[in-house]
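Fold and geometry: a report
Spelled out from the first residue to the last, the chains are:
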Amino acid sequence: MYDFDKPVDRHGTWCTQWDYVEDRFGAPGLLPFTISDMDFESAPEVLAALRGRLEHGVLGYSRWRHEDFLSAIRHWYATRHGTAVDPECVAYAPSVLYQVARLLELWSVPGDGVVVHTPAYDAFPRLVVAHGRDLRGVPLGDWAALERELARPDTSVLLLCSPHNPTGRVWTEAELARTADLCERHGVAVISDEIHADLAHRPHRHRPWALHGRPGGRWAIVTSASKSFNIPALTGSYGVFGDREDCERYLTRLKDAEGLSSPAVLSLTGHIAAYREGAPWLDALNVYVAGNLELVRDRLGDAFPELGWRPPQAGYLAWIDLRPLGIPDAELQRELIDTERVAIMPGTAYGPEGAGFVRLNVGCPRSKAERGVDALVRAARRLRS
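Every chain is numbered on its own, with residues counted from 1 as its sequence reads. Thresholds applied to this predicted model are a pLDDT of at least 70 for local features of residues and 80 or more for the giving and counting of side-chain atom pairs; totals over whole chains, interfaces and linings are not thresholded and use all residues. Side-chain metrics rest on all non-hydrogen atoms present in the structure, leaving aside hydrogens and water.

All right, on to empty space enclosed by the protein then. Rolled over the atoms, a probe with the dimensions of a water molecule shows which regions are left empty. Using a 1 Å grid laid over the protein atoms alone, points where a 1.4 Å probe fits but cannot get out form a cavity; open sets with protein on both sides within 12 Å along at least 5 of 7 lines form a pocket; any residue with an atom within 4 Å of a point counts as lining. Grid points are joined across faces, edges and corners, and a volume is the space filled by probe spheres set on the points. Summed over all chains, the structure comprises 5 cavities of 30 Å³ or more. In this model, the largest cavity occupies a volume close to 70 Å³. Taken together, Pro163, His164, Asn165, Pro166, Thr167, Gly168, His196, Ala314, Gly315, Tyr316 and Leu317 form the lining of the largest cavity. In the lining of the largest cavity, the residues fall into 5 nonpolar, 6 polar and no charged. In this structure, the second largest cavity encloses a volume near 60 Å³. Trp76, Tyr77, His81, Glu194, Ile195, Ala197, Asp198, Thr223, Ser224, Tyr238 and Tyr275 together form the lining of the second largest cavity. Secondary structure elements are taken from DSSP: a helix is a run of H or I of four residues or more, a strand is a run of E of two residues or more, and numbering for both begins at the N terminus. With 3 residues, the top contributor of residues to the lining of the second largest cavity is helix α4 (residues 67–81). Class assignment for the residues of the lining of the second largest cavity results in 6 nonpolar, 3 polar and 2 charged. Only Asp, Glu, Lys and Arg are considered charged, only Ala, Val, Leu, Ile, Met, Phe, Trp, Tyr, Cys and Pro nonpolar, and every remaining residue, Gly among them, polar.

We now examine the pattern of salt bridges. When a carboxyl oxygen of Asp or Glu is within 4 Å of a side-chain nitrogen of Lys or Arg, the pair counts as a salt bridge. Across all of its chains, the model carries 32 salt bridges by this definition. Ionic pairing is found between glutamate 147 and arginine 185, a salt bridge with its closest N-O pair at 2.9 Å. Taken together, the residues span a long stretch of sequence, with glutamate 147 in helix α7 (residues 143–151) and arginine 185 in helix α8 (residues 173–186) at a distance of 38 residues. For arginine 185, the salt bridge is made with aspartate 181, and the minimal N-O distance between the two is 2.4 Å.

This paragraph deals with helix α6 (residues 123–130). For every residue, the accessible area obtained with a 1.4 Å probe (protein chains only) is divided by the maximum for its type, and the residue is called buried under 20%, exposed over 50%, and partly exposed between those limits. Within α6, burial applies to Ala123, Phe124, Leu127 and Val128. The arc that holds every buried residue of α6, seen down its axis, measures 120°, which confines them to one face. Residues of α6 that are exposed and point more than 90 degrees away from the buried face comprise Arg126, Val129 and Ala130. Any pair of residues with heavy atoms lying within 4.5 Å of one another is described as a contacting pair. Where the residues of α6 are buried, they touch α5 (96–107), β3 (113–118), β4 (134–139), β5 (155–161) and β6 (189–193). Trailing α6 by a residue or two, glycine 132 shows a phi angle of about 75°, which is positive. Here the arc refers to the set of directions running from the helix axis out to each C-beta atom.

Honestly, that's just the spatial picture; any functional story needs more than this.
Here it is as structure tokens:
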């Protein structure tokens, strides 16, 4: 039903990944495998709904607090994640990072500690520091360090990435329960960024924080259909709060202090169509992406069996540990850019813990994924020899 092999020319569309690759990599015309959007057309069900809304011809002010939008979210969480959502605890916002910023202001004060797992999605450190909070990184999987940082008296927030970006790690039920217990014990609020939730690969299963956070507790899920259905240009996201009063305080700030009372109507249209009609497309997408990741595994395994690389548990971002090859990061990037003419994210973009890694975006037709991993293999072989 869906043709993910079909190339789509994104040049000349003001596309961050394709048209502005020079901004980050210093050279024009590179084949990009960079930021986390996909080269696929969105679900035809979403595109049809958007066309229908545009054909109406009037794009006036709108509202999000209505049954069409809220019931679509409830339906998605019930059918996709086995989780009940209280509509009184849902809030719309322009983006996930916007929600994170406002929640940091709601639940902490300048100087407070904000804990993140490292390597970290690169926007998290910038946002935390820009708001005058103290960024406290904890290596992924280091439970002793996590408890130590959460126990500090001035730690106010855990900024959780679930599934984790850039590693693609899906947290287990036991890990989330343990994290919830630590945060509850030490009085730390939780902001759970779950924008990659719908991209978990079998047998791994994403579990929303709502299944672990205490009802009435200080926590919020921040997410969007934008990542899984490839509609970030529509903007729009939503939060699911543990406490109704926190949700109302957040909404009051959005409306009164930020002047954000009317959502992007096409975002609402896209979310509703995605959550009501888009499940078959998403299922097919996940199967196709898993095939791309298997391709990366096989090509890397043939070239460098000592890497023992495995696909991520979620998403289309291949987090690849090249440290066993002993190749300096800067030399690899020069080879990829100058000789192979590809742009692949260096692991250091996600903090010093990412040294020796690259993040390869294979949310694209298989022919492009092949070009990316083959370029990486060729560059690494030359530098290794």
